[in-house]
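# Observations on the model geometry
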Amino acid sequence: MLRANWMFVSVKQSKPLIVLIMIVSFLSLWILLPARFANPATAGYYVKSPRLAEKNLYKLDTEWPKFPKFFTGQVFGVAVDPVADIVYVAQRGESVSKVLVFTEHGYFLQGWNTTTIEMPHGIFAANTLSSSTVWVTDVGNGMIGKYGHTVKQYTPFGKLLQTLGTPGTPGSGLIPLQFDQPAEVFVSKKGELYIVDGDGGLNNRLIKLAQGFGIPWMKGEKGSGPSQFYIPHSVTEDTVGRIWVADRGNKRLQAFDAASGEWLGSWASCFTDDAPYSVRLTYDNKYFVVAQLNSNRVVFLSVPPIGDIGTCLIVDTIQLADDVKPHLVDVNRKTGAIYVAEIGAQQAQKFIPNNRR
């Protein structure tokens, strides 16, 4: 009888503890279940993941080019003229045409017959109301003529129009203008040039040139702080007046105001395992296209709205085969096609949008 009374009292006294355990369990389920069944993209954002659910934006165009045999060197750069439906491919090597010209549909047109390019790195096709020209950055070191450390403008047929920099001589001077292994040039719709200088040389800077080649502003020195660079490798402009630089050595993108040069911020969280080698906008201005050479992939990042650039978010990835080594990219703003220059595969490839309306 005494034992029964003791058991009854123990159970009665333990009721508050049981009720407390039930309340805690209910609250835990209430908190955790929404995270368990939430949209993966939303859940990923809140745990500070830079990756959203992939959208499968692009697919390989296996019909471009029609005859890959024309690639005879290491392909470093590619440029698209959407007005003329022309694609320019910059390649390196002895006794090879330094620039190959294809149609948008993949037919080979010509190789430039010029001796004024030593080691092409970046290439850009610029269009104005009156003409189309092609800009090439040359990082040559004097082993094959003295043409390097320059940014040069050509006709679509390879005739040299003008040279910026001191051919064959590296330097940091502004009067006269000098470069040391300039990596890439971007020409805005206003005709302004943005040059990232250089690809491992003396300089680590971004230079803006006005139409008359005056210098409204310049940013950069070697370092990892705001407005500092370590191998600035690619540059582009978005639709709201921001200049974006692929700061390769620091594994980040940096953003600047196009008018004033003011530093607007940087993105690094998307590049913890591999650096950005290129930066371009997709045809619809929604995403940045960024090549990552060592991981053999091309990633797509959401373009931030006007204002605070926030943090970077990866929305899609094109994973290439091992040792393809994607270097620089360009986009046909009319068709949406993306062209990737591949050093390791010694070719350029074309990717076309999925489900474009």
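Quantities reported herein were computed from a predicted structural model and do not represent experimental measurements.

## Section: the confidence of the model for the protein chain
A low pLDDT score tells you not to read the predicted coordinates there in detail. Residues of the protein chain with pLDDT of at least 70 account for 84%, and the chain-wide mean is 87. Within the model, the stretch residues 1-24 combines pLDDT values under 50 with zero contacts to residues more than four positions away or in other chains. Throughout residues 26-49 the model reports pLDDT below 50, and contacts reaching past four residues in sequence, or to other chains, amount to seven contacts.

## Quick look at the state of the cysteines
Tallying each qualifying case throughout the model produces one disulfide. Disulfide pairing is shown between Cys-270 and Cys-312; the S-S distance is 2.3 Å. The S-S bond linking Cys-270 to Cys-312 shows a torsion near 125°; that makes this disulfide right-handed. Here Cys-270, found in the loop between β17 (263-267) and β18 (280-281), pairs with Cys-312, found in the loop between β20 (297-302) and β21 (314-319); they are 42 residues apart in sequence, far enough to count as distant. Note on Cys-312: relative accessible area 2%, which makes it buried.

## Considerations on the pattern of salt bridges
Summed over the entire model, instances satisfying the criterion amount to 12 salt bridges. Note that Lys-350 and Glu-104 form a salt bridge whose closest N and O atoms lie 3.6 Å from each other. Taken as a pair, Lys-350 in strand β24 (residues 347-353) and Glu-104 in the loop between β4 (99-103) and β5 (108-111) lie far apart in primary sequence, 246 residues in all. Neither residue differs from the other here; Lys-350 and Glu-104 are each classed as buried.

## Details of the packing of aromatic side chains
A full pass over the atoms with the stated rule returns 14 aromatic pairs. Look at Phe-70 and Phe-108: their rings are 3.9 Å apart centre to centre, the planes differ by 10°, and that puts the pair in the stacked class. Placement of the pair is Phe-70 in the loop between β1 (58-60) and β2 (74-81) and Phe-108 in strand β5, with a sequence separation of 38 residues. Residue class for Phe-70 comes out partly exposed when judged on its relative accessible area of 26%. Between the aromatic rings of Tyr-194 and Trp-217, the centroid separation amounts to 6.1 Å while the plane-to-plane angle is 50°, which identifies the pairing as tilted. Here the residue Tyr-194 occupies a position in strand β11 (residues 193-197), and Trp-217 occupies one in strand β13 (residues 217-219), the gap between them amounting to 23 residues. Here Trp-217 falls in the buried class, since its relative accessible area comes to 7%. Grouped by ring-pair contacts, the aromatic residues Trp-64, Phe-70, Phe-71, Phe-102, Phe-108 and Tyr-339 constitute a single cluster. Directly above the aromatic system of Phe-76 lies the positively charged group of Arg-92, at a separation of 3.5 Å from the ring centroid.

## A few points about the sheet that holds β4
With antiparallel pairing, the four strands of this open sheet are ordered in space as β2-β3-β4-β5. At either end of the open sheet lies a strand with only one pairing partner, and these are β2 and β5. Between one strand axis and the next, the sheet turns through 20° on average, direction left out of account. Where β4 lies against β5, three bridges are found, and the strand directions are antiparallel. Counted as the bridge partner of Leu-100 is Gly-111 from β5.

## Re the environment of Gly-140
Mapping Gly-140 onto the fold places it in the loop between β7 (132-138) and β8 (150-154). On the accessibility criterion, Gly-140 (1% relative accessible area) is buried. Along the primary structure Gly-140 and His-121 are separated by 19 residues, whereas in three dimensions their C-alpha atoms are 9.1 Å apart.

## Some thoughts on the pairing of strand β12 (residues 205-209)
Counting buried residues along β12, five of its five residues qualify, which places the element largely inside the surrounding structure. Burial along β12 is two-sided: Arg-205, Ile-207 and Leu-209 facing one way and Leu-206 and Lys-208 facing the other are all buried. Bridging between β11 and β12 involves five bridges; their strand directions are antiparallel. Bridged to Leu-193 within β12 is Leu-209. Pairing geometry for β12 and β13, over three bridges, is antiparallel. Pairing of Ile-207 across the sheet is with Met-218, part of β13.

What counts, and where the lines are drawn
Residues numbered from 1 in each chain as written. Predicted model: local features only at pLDDT ≥ 70, side-chain atom pairs only at ≥ 80, totals over all residues. Heavy atoms only, no water. pLDDT = per-residue confidence, 0-100. Contact = heavy atoms within 4.5 Å. Disulfide = S-S within 2.5 Å. Helix = DSSP H or I, 4+ residues; strand = E, 2+ residues; numbered from the N terminus. Buried < 20%, exposed > 50% of the residue type's maximum accessible area, 1.4 Å probe, protein only. Salt bridge = Lys/Arg side-chain N within 4 Å of Asp/Glu carboxyl O. Phe/Tyr/Trp six-rings, centres within 6.5 Å; stacked < 30°, edge-to-face > 60°. Lys NZ or Arg CZ within 6 Å of the ring centre and 35° of its normal. Pairing = 2+ DSSP bridges. Axes fitted to C-alpha atoms, helices over the stretch in contact; angles between N-to-C directions.

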